[in-house]
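Understanding the architecture of this molecule
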Amino acid sequence: SAPPSRSFPSSSSQLHLRESAMTRITVAVRTRPTSSFADDVIKIQSDNRGIVVDLPRNAHADEYINNQSGSFSWNFDAVLHNASQDVVYERVAAPAVHDSLKGINGTVLMYGQTGSGKTYTCIGDMGNFKYRGIVPRALADVYSFIEAHPENEVSVGISYLEIYNDQLSDLLSSLPSEDAPTGDLQICEDGKTGEISVKGQRVLPVMSEEAALSLLFEGETNRAVAFHQLNKTSTRGHAVFTVHLTVRSRVDSTGRVLSSKLNLVDLAGSERLKKTGTSGERMAESMSINRSLSYLEQLVVALAQPGRSHIPYRQSKLTHLLKDAIGGNCKTSLIACIYGEAAHVEETVSTLHFASRISRVKNNVTVNAAQDGAMLLKRYEAEVRQLKQELAMHDSLSSRSRVTYDAYTEAQQLELREKLKRFLDGTANAPELESVRMMSELLQQMKQLWGALRQELATRPAVGFGETRNSAFEEGLGESGYQVAADGAGDSGAVGELDLAKSAGITVGRAPDGATPAGVFEMPARRMTAGRAASPDVASSPGRGAGQGAGGLERNEAFSMFKAGLGADANADLLAAKTSQAALRAHLKGSAEFVNRLKGAIEGQVDLLATKRDERARIEARVNMAAGHSLGSPDREELIIDEEEYALIKSLKQLKMEYRGAHESFSVNKAEIAAATEKLDSLRASLLADFNDWFESGGGETLEVFRPKEKPRQPGQDVMDDDEAFDVMEQDRVRAAEPDSLAFFNATKTMKKRGKTLRAV
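The structure presented is a predicted model; accordingly, all values stated were derived computationally and were not measured.

Quick look at helix H1 (residues 85–100) now. The end-to-end C-alpha distance of H1 is 21 Å, a good match for the 22 Å that 16 residues give at a rise of 1.5 Å each. Ala93 marks the point of greatest bend in H1, at about 50°, and the proline Pro95 comes within the next four residues. Among the 16 residues in H1, 13 count as buried, and that is most of the element.

If you walk through the whole model with that rule in mind, you get five aromatic pairs. Residues Phe129 and Phe744 carry aromatic rings whose centres are separated by 5.6 Å and whose planes lie at 70° to one another, so their mutual orientation is edge-to-face. Here Phe744 lies in helix H17 (residues 742–753) and Phe129 lies in the loop between helix H2 (118–122) and helix H3 (134–148), a separation of 615 residues in the sequence. Neither Phe129 nor Phe744 differs from the other in exposure class; each is buried. Relative to Phe744, the ring of Phe217 lies with its centre 5.6 Å away and its plane at 90°, an arrangement referred to as edge-to-face. Within this pair, whereas Phe217 is found in helix H4 (residues 209–221), its partner Phe744 is found in helix H17, the two being separated by 527 residues in sequence. Each of the two residues, Phe217 as well as Phe744, counts as buried. The rings of Phe129, Phe217 and Phe744 are connected pair by pair, giving a single aromatic cluster. Lying across the ring of Tyr339, Arg32 places its NZ or CZ 4.5 Å from the centre. When the ring centre of Phe129 is taken as origin, the NZ or CZ atom of Arg132, which lies over that ring, is 3.8 Å away.

Once that is clear, we can look at the confidence of the model for the protein chain. Summarising the model, the protein chain shows a mean pLDDT of 77, and 75% of its residues fall at 70 or more. In this model, residues 1–5 is a region of pLDDT below 50 whose contacts with residues beyond four sequence positions or in other chains number five contacts. Throughout residues 463–493 the model reports pLDDT below 50, and contacts reaching past four residues in sequence, or to other chains, amount to 30 contacts.

A few words now on the nonpolar core. By size, the foremost hydrophobic cluster in this structure holds 57 residues, and its most contacted members are Val156, Ile158 and Phe241. For Phe241, the residues in contact, after removing those within four places along its chain, are Val135, Leu139, Ile158, Ser159, Tyr160, Leu216, Leu262, Asn263 and Leu264. Counting 47 residues, the second largest nonpolar core, distinct from the first, contains Val240, Val265, Leu296 and Ala355.

This part covers the side chain of Arg236. As for its position among the elements, Arg236 is in the loop between strand S14 (231–235) and strand S15 (238–249). A polar atom in the side chain of Arg236 sits 2.5 Å from the side chain of Glu271. Among the polar contacts listed, one links the side chain of Arg236 to the side chain of Ser286, at a separation of 3.0 Å. Ignoring anything within four residues of it in the chain, the contact list for Arg236 reads Tyr164, Ala224, Val225, Ala226, His228, Glu271, Arg282, Glu285, Ser286 and Ile289.

Conventions used here
- Residues numbered from 1 in each chain as written.
- Predicted model: local features only at pLDDT ≥ 70, side-chain atom pairs only at ≥ 80, totals over all residues.
- Heavy atoms only, no water.
- Helix = DSSP H or I, 4+ residues; strand = E, 2+ residues; numbered from the N terminus.
- Expected span 1.5 Å × (residues − 1).
- Bend = angle between axes of the 7 residues up to and from the residue.
- Buried < 20%, exposed > 50% of the residue type's maximum accessible area, 1.4 Å probe, protein only.
- Phe/Tyr/Trp six-rings, centres within 6.5 Å; stacked < 30°, edge-to-face > 60°.
- Lys NZ or Arg CZ within 6 Å of the ring centre and 35° of its normal.
- pLDDT = per-residue confidence, 0-100.
- Contact = heavy atoms within 4.5 Å.
- Core = buried A, V, L, I, M, F, W, Y, C linked by side-chain atoms within 4.5 Å.
- Polar contact = N/O pair within 3.5 Å; in protein donor to acceptor, adjacent residues only side chain to side chain.

Below, the structure is given as structure tokens:
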């Protein structure tokens, strides 16, 4: 039958789950496909839920009394006869995966005799995407949910554990890690919640399906595997692959966090030594496997008996590790794998007996929900803001609207500092104190002003008696001693003046004829030709005739030919650098003018706001004087700012924000011009040096020097080698054949590149 349609839990459904419920362990039986299925002994009912087994009578049964039952019948949640991998996953494992994304722990157990298909059901064929097992499909579903629900933040961690000869081992310990465990693994139990965890086990965070599959394949290569007569790749230990999930909403402000564990357990198969033919170390492994499975059945029998006082969880590492899955906080499903041939009927009956017993066990399933501390903090901060707003409204109704309870912003601090400066300069009255917080902020700003003034006094050079200093004149001088002025700049304090010493070669004014700005690129010494000067763009070439070289060409002509031939790329780079520098200069000039306009607008806005506040203060004084309220009286009225003053405050704040942004942009432009100038000088020097070398070597004697170079590769263009091109082609082929298989394909390929052999199941 076709698998049911896949659906994912919605974020809204998480809030309507029952917090706790008793659920029964569900059981499905899967038959191993075989051409010799014992149809006369094992009968599958038409509803695909019941199985009847009629054991054949012994030939000597009439010679002695035999009270053993010869017929058995069971009913399960599903019987998957000759079912495909996708049907098994959708019927049994998919619900557990979806529930784990809702905050519910889930476990899927694979149980049965050796060679019955447990590992194939759990892991599948690691070399064939079509026959992948439950674990790869579960990982694909998890990351499909993450991609389909961007409103949720999902964290995924992977751990892989093996119980071999009743000893725990981490199958991912072969991977390098800074926090690798140093001691033995130990099973721990939370004293409050009873949750089981393994101390020392590594839980590796994974960000993609491909990374998770790589961890799965890495662990599989580290499992204990051996050969015997019933199974050439028999796993010799119980393996527990766990997906640790944490789900929190990005849009919900409740701070609810869902956490869960999805355990996918591949139990080692029970073995009969006379059938497997094992001996020595393999026989010891078989005895250990059978012993642990016997303890597991004793645990199931105890849990199925109502009123049982003692539950033997600690008989073995396996039963202790599965405490949450069997009788604990977990939704558990069992896949009982049977080998339906007549030679294995006894093992089939034993497996079905165990499956029937475990179906009677009930688990107490609880949604694992907690509150995120960071989200709660954000919610409390929002509540505090709301309370402050209500308090501000109350103050407004009580004529105390100017009192603020929030920390001063940068704009408010700047405004308060301007008030202090005007007060210290004697151009304004003392700021009116509105609250204790304002008094504290005034002291902080006063401290900063005093610190800046003290530093300025400490660094100012001393002036001797009788010495005078024309600062206005000196501020307009460059290092060369002549006065400079920025084009279009007004006063000397305006933003946008270019420092001649720092911007070598940029013309900012008229200089004396003999003045040489510092830092200008110095051209190499030129050699004069007879009767005419060499080109100012070309350096001299000693050892040759007057201005001739490169096969008798004059330097000007040779330089033009060089720039069109061998030096074409370098000349193009030089011209591009010149164009870029010119554009940056134009942009810098516009940026400086914009900053100066904003500065003037801010000063005008500050004056208007000060005038408006002075006017309001005078009106307030007249009103209180008429009412007989003295300064400091509790009945003194305070006028609320009008719309015009509020608009001025808002406009001033916006102008200051624009000014800060424009000034930062101006600073960035200055740095870009400096870098462009340095690059231009370097390119010019490189071009001239190459030309001199070519000219001195007589390069003009042959036309080979003018042969155009191979077209350069575009910036950022990557050239793939043969292996990379083959990888891209192979990935395109895989994507076209099966779009969902790309992560599986890449993970298997990565393992092969690392020299790992993926065993066939």
